[in-house]
2 protein chains.
Amino acid sequence: MLGKNIRHERLRQGFSQDDLAEKAGLHRTYIGMVERGERNITLLNYAKIVDALNLAMHDLMKESVYPLPQSKHPKRIGL
Amino acid sequence: MLGKNIRHERLRQGFSQDDLAEKAGLHRTYIGMVERGERNITLLNYAKIVDALNLAMHDLMKESVYPLPQSKHPKRIGL
DNA sequence: CTGTGACTTTTAGTCCGTG
DNA sequence: TCACGGACTAAAAGTCACA
């Protein structure tokens, strides 16, 4: 799962969601939503986050199976 | 560039944009826009396209530098 | 420090065409 | 077969107050 990977990396580097948000130029609550897998993020924002973590775009995707959402209004979208 | 990579792979496999669109469950005009780098695709649709091309998500990202857009209303967004 | 619901603005994505 | 456009709808971006 992508969000989990992001959170894992963020914590590993000792950042808060606030920290990462500022580094990536995004909003604090948005980072939270992405980490919880509630947002179907675009590649542009994905790039910003990955960049803020000093990673390459494919780094967080290796274990990211990426199942598609089942329900019409999923709480988690399964990243 | 992501769009170029997609196009390259699509042509290598002998598909039209229409073919790929149908395989991926997306619209034909949309595939064109993505290949031309005019749309900031979501990860979900990126996954669909990659899947339709029988690739893994990180495959098309290796050479994808991904510069962020300069202007407010860019024609190309630089994927 | 983080989760969440509600919300507005912006853009992703579709569908109809044309040359 | 594809690029491109206009008009449209669905969904993402982005922000906030509060728990």
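Residues numbered from 1 in each chain as written. Chains lettered and ligands numbered in written order. Predicted model: local features only at pLDDT ≥ 70, side-chain atom pairs only at ≥ 80, totals over all residues. Heavy atoms only, no water.

All right, on to the overall build of chain A then. The number of helices and strands found in chain A is four helices and zero strands. Secondary structure elements of chain A occur, N-terminal to C-terminal, as α-α-α-α. Put simply, chain A has 79 residues, and 46% of those count as buried. A fraction of 54% describes how many contacts in chain A between residues 6 or more apart in sequence connect residues 24 or more apart. (Helix = DSSP H or I, 4+ residues; strand = E, 2+ residues; numbered from the N terminus. Buried < 20%, exposed > 50% of the residue type's maximum accessible area, 1.4 Å probe, protein only. Contact = heavy atoms within 4.5 Å.)

Residue and element names in this part refer to chain A. Positive phi outside glycine occurs at Asn54, with the angle close to 60°. Here Asn54 lies in the segment after helix 4 (43–52). Note on Asn54: relative accessible area 64%, which makes it exposed.

Take the protein's contact with DNA strand D next. Every one of the 20 residues lining DNA strand D counts as a neighbour, but Tyr30 and Arg39 of chain A together with Arg7, Arg10 and Gln17 of chain B are closest to it. A breakdown of the atoms of DNA strand D within 4 Å of the protein gives sugar and phosphate a share of 67%. Side-chain polar atom of Tyr30 of chain A to a phosphate oxygen of DNA strand D: 2.5 Å apart, as the coordinates give it. Between DNA strand D and the protein, one listed contact pairs a phosphate oxygen with a side-chain N or O atom of Asn40 of chain A at 3.1 Å. When contributions to the surface near DNA strand D are tallied by element, the ones reaching two or more residues are helix 3 (28–35) of chain A together with helix 1 (2–12) and helix 3 (28–35) of chain B. Among the elements that take part in the surface near DNA strand D, helix 3 of chain A stands out by supplying three residues, more than any other. (Near = heavy atom within 4 Å. Polar contact = N/O pair within 3.5 Å; in protein donor to acceptor, adjacent residues only side chain to side chain.)

What follows is about the pattern of salt bridges. Residues and elements named next belong to chain A. All chains considered together, the criterion is met by eight salt bridges over all chains. As a salt-bridge pair, Arg12 and Glu9 come within 3.0 Å of each other at their nearest N and O atoms. In this pair, Arg12 and Glu9 are both assigned in helix 1 (residues 2–12), three residues apart and thus about one turn of the helix distant. Under the relative-accessibility criterion, Arg12 is labelled exposed at 56%. Among the salt bridges present, the one from Arg36 reaches Glu38, with a minimum N-O distance of 3.2 Å. In this structure, a network of salt bridges that share partners links the residues Arg7, Arg10 and Glu35. (Salt bridge = Lys/Arg side-chain N within 4 Å of Asp/Glu carboxyl O.)

What follows covers the nonpolar core. Core analysis: the largest hydrophobic core is formed by 42 residues, its most contacted members being Leu43, Tyr46 and Ile49 of chain A together with Tyr46 and Ile49 of chain B. Contributions of two or more residues to this core are made by helix 1, helix 2 (17–24), helix 3 and helix 4 of chain A together with helix 1, helix 2 (17–24), helix 3 and helix 4 (43–52) of chain B. Tyr46 of chain A has contacts with Leu2, Ile41, Met57, Leu60 and Met61 of chain A together with Leu43 and Met61 of chain B, leaving out every residue within four places of it along the chain. (Core = buried A, V, L, I, M, F, W, Y, C linked by side-chain atoms within 4.5 Å.)

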